[in-house]
Amino acid sequence: MSETILATEATIRLAIFLGVLAAMALWEVAAPRRRREIPRVIRWTNNLALVVVDTVILRLSFPILAVGLAVMAEDRGWGLLNNIDVPVWVAIIVSMLLLDLAIYLQHVMFHAVPGLWRLHRMHHADLDFDATTGLRFHPVEILISMGIKLAVVAALGPPAVAVLLFEVVLNATALFNHANIDLPRPVDRVLRLFVVTPDMHRVHHSKDPRETNSNYGFNLPWWDRLLGTYIAQPAKGHEGMEIGIEQFRTQRDLWLDQMLAQPLRGPASGYALDPNSGLKDPAE
Ligand SMILES: [Zn+2]
Ligand SMILES: [Zn+2]
C-alpha cells in the first residue's frame, strides 16, 4: 500500500494539478468575476515559471517530502497516531484537520513576523487575482513550509494516504479559491461554510492592510471564524477593491527575477503586527 502511494504520488498530483488548472482557466474565461488589469501573458508566463523554479529547488533541497516521511513514520512507529489505537478513518480525518490547522497557523505567522512577511508578501504582490496567483510563493517560503510540514508529520504520525489526500486537496483548493470566477452569491454563501471560496480568499488579497491580515484559511474556512480572523466581504466590494500590496505595483514587478528579489527590497511594512499600519487610513 505505502509503496503504491509513493510510486504513483507524482503522477496523481501532476494530473490533478493540470486538470484543475485547465478547468479554472476555462471557467475564468466563461464567467470572470473582475476585469483583468494586467495582460494574462505577463502574469501567467512568470507565475508558471516560478512553479518550475520552486519545484526544482524543493526536490533538490529535501531528500524526502511529506508523504515519504509519513510512510517512513508508519514503518518505524514514529509520531502520536502510530502509537495509539484508533480506527484508520479517524486517523485520516484527524490528520487532515490538524494539517489544515497547521497551514492556517503558519500562514498567520508569515503575516505577523516582519522577516517572514518579506517572503510571503510576494504572494500578495500579484496585481490581478486568478488561479495562477495560488501558485505564486517564494522558493524560500516553500522550503520553510515544507520544513514545518515535515515536523508536523513526524510528531503526528498521520497515515500516508491522509497526507497525500491533504496535499492533493490543498493544491486543488488553492487553484479554485484564487480563481477569477463568478460564483452565484447563494452558491458562495453555502459553499463557504465548508471550503474557502474565491470571494472569501480575495479579501485576503486586498491592498487594505486590515483585509490583507484576515481570511488566512486556504482550505477549510472554520479556523478564521473560530479564531476571529474572518472578514466576509471587502469594504469596497469585489469590483471596487484594489488587489496587491502598497509596494511593487509596476508590471515589471511581476517578472520572475523581480519576484525572487522582493524579500530584499524596501521595508517590511504592512505586516499584521506592524505598529505603524493602523496610523494611516488605507482608504486614502
Ligand atoms: Zn497571505
Ligand atoms: Zn492567496
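Residues numbered from 1 in each chain as written. Chains lettered and ligands numbered in written order. Predicted model: local features only at pLDDT ≥ 70, side-chain atom pairs only at ≥ 80, totals over all residues.

### Details of the overall build of the chain
- Helices and strands together make up the secondary structure of the chain, namely 13 helices and zero strands.
- For the chain, the succession of helices and strands along the chain, N to C, is α-α-α-α-α-α-α-α-α-α-α-α-α.
- Against the compact-globule benchmark of 19 Å for 284 residues, the chain has a radius of gyration of 19 Å, which places it among compact chains.
- When its C-alpha atoms are laid out on the principal axes, the chain stretches across 55 × 45 × 40 Å.
- A burial count over the chain gives 37% of its 284 residues as buried. (Helix = DSSP H or I, 4+ residues; strand = E, 2+ residues; numbered from the N terminus. Rg over C-alpha atoms; globule rule 2.2 N^0.38 Å. Buried ≥ 20, exposed ≤ 12 C-beta atoms within 10 Å, placed from the backbone.)

### Some details on the packing of helix H4 (residues 88-112) against helix H5 (residues 114-124)
- Running from N to C, H4 and H5 cross one another at 105°; their axes reach a closest spacing of 6 Å. In terms of axis orientation, H4 runs roughly perpendicular to H5. Across the interface between the two elements, Met109, Phe110 and His111 of H4 pack against Leu116, Trp117, Leu119 and His120 of H5.
- Grouping the constituent residues of the contact of H4 with H5 by class yields five nonpolar, two polar and no charged. (Axes fitted to C-alpha atoms, helices over the stretch in contact; angles between N-to-C directions. Parallel < 35°, antiparallel > 145°, perpendicular 65-115°, else oblique. Contact = placed C-beta atoms within 7 Å. Nonpolar A, V, L, I, M, F, W, Y, C, P; charged D, E, K, R; others polar.)

### Overview of the UniProt feature "domain: Fatty acid hydroxylase" (unreviewed entry) in the chain
- Feature annotation in UniProt assigns "domain: Fatty acid hydroxylase" (unreviewed entry) to the following positions: residues 93-229.
- Counting secondary structure, residues 93-229 comes out at 66% helix and 0% strand; the distance between its end C-alpha atoms is 24 Å. (UniProt positions renumbered as here; feature names shortened; annotations may be inferred.)

### Brief notes about the UniProt feature "transmembrane region" (unreviewed entry) in the chain
- Sites flagged by UniProt as "transmembrane region" (unreviewed entry) map to residues 6-27, 48-73 and 88-113.
- End C-alpha to end C-alpha, residues 88-113 measures 37 Å, and it is 96% helix and 0% strand.

### Some words on the packing of H4 against helix H6 (residues 139-156)
- In contact at an axis separation of 11 Å, H4 and H6 are set at 145° when each is read in the N-to-C sense. The interaxial crossing formed by H4 with H6 has right-handed handedness. Of H6, the residues touching H4 (which contributes Ser95, Leu98, Leu99, Ala102, Gln106 and Phe110) are Glu141, Ser145, Ile148, Val152 and Leu156.
- Residues that form the contact of H4 with H6 fall into these classes: seven nonpolar, three polar and one charged. (Left-handed = near helix turned anticlockwise from the far one by under 90°.)

### Points about the nonpolar core
- In this structure, Met24, Val67, Ala70, Val153, Ala160, Val163 and Leu175 are the most contacted members of the largest nonpolar core, which totals 37 residues.
- If you list the elements that add at least two residues to this core, you get helix H1 (2-30), helix H3 (66-76), H4, H6, helix H7 (160-177) and helix H9 (198-204).
- Per-element accounting of this core gives the leading share, 10 residues, to H7.
- Here leucine 175 is in contact with Val20, Leu21, Met24, Ala131 and Gly134, once residues within four sequence places are set aside.
- The next biggest cluster of nonpolar side chains, apart from the first, holds 11 residues, and it includes Leu119, Phe248, Tyr271 and Ala272. (Core = buried A, V, L, I, M, F, W, Y, C linked by C-beta atoms within 7 Å.)

### Quick word on helix H2 (residues 40-61)
- For H2, which comprises 22 residues, the first-to-last C-alpha distance of 31 Å matches the rise-based estimate of 32 Å (1.5 Å per residue) to within 8%.
- Every buried residue belonging to H2 is among Arg43, Asn47 and Leu50, and all of these are buried. All buried residues of H2 lie within an arc of 55° about the axis, which places them on one face of the element. Counted as exposed and oriented over 90 degrees from the buried face of H2: Val41, Val52, Thr55, Val56, Arg59 and Leu60.
- The secondary structure elements touched by the buried residues of H2 are helix H13 (256-261). (Expected span 1.5 Å × (residues − 1). Arc of directions from axis to C-beta.)

### Overview of the environment of proline 209
- For proline 209, the location among the structural elements is in helix H10 (residues 209-212).
- According to the C-beta neighbour criterion, proline 209 is buried, with 21 such atoms within 10 Å.

### Here we look at the environment of arginine 118
- Counting through the fold element by element, arginine 118 comes out in helix H5.
- Separated by 144 residues in sequence, arginine 118 and glutamine 262 place their C-alpha atoms 7.4 Å apart.
- Filtering out sequence-adjacent residues up to four positions away, arginine 118 remains in contact with Pro263 and Ala268.

### Digging into the environment of leucine 143
- By the secondary structure assignment, leucine 143 is in helix H6.
- For leucine 143, a count of 16 C-beta atoms within 10 Å corresponds to the partly exposed category.
- Between the alpha carbons of leucine 143 and leucine 98 there is a distance of 20 Å; along the sequence they are 45 residues apart.
- Sequence-distant contacts of leucine 143, defined by excluding residues within four places in its chain, comprise Leu58 and Ser61.

### With respect to H7
- Its 18 residues place the ends of H7 25 Å apart at the C-alpha level, agreeing with the 26 Å of an ideal helix rising 1.5 Å per residue.
- Looking only at H7, the buried set comprises Ala160, Val161, Ala162, Val163, Leu164, Phe166, Ala172, Thr173, Ala174, Leu175, Phe176 and Asn177.

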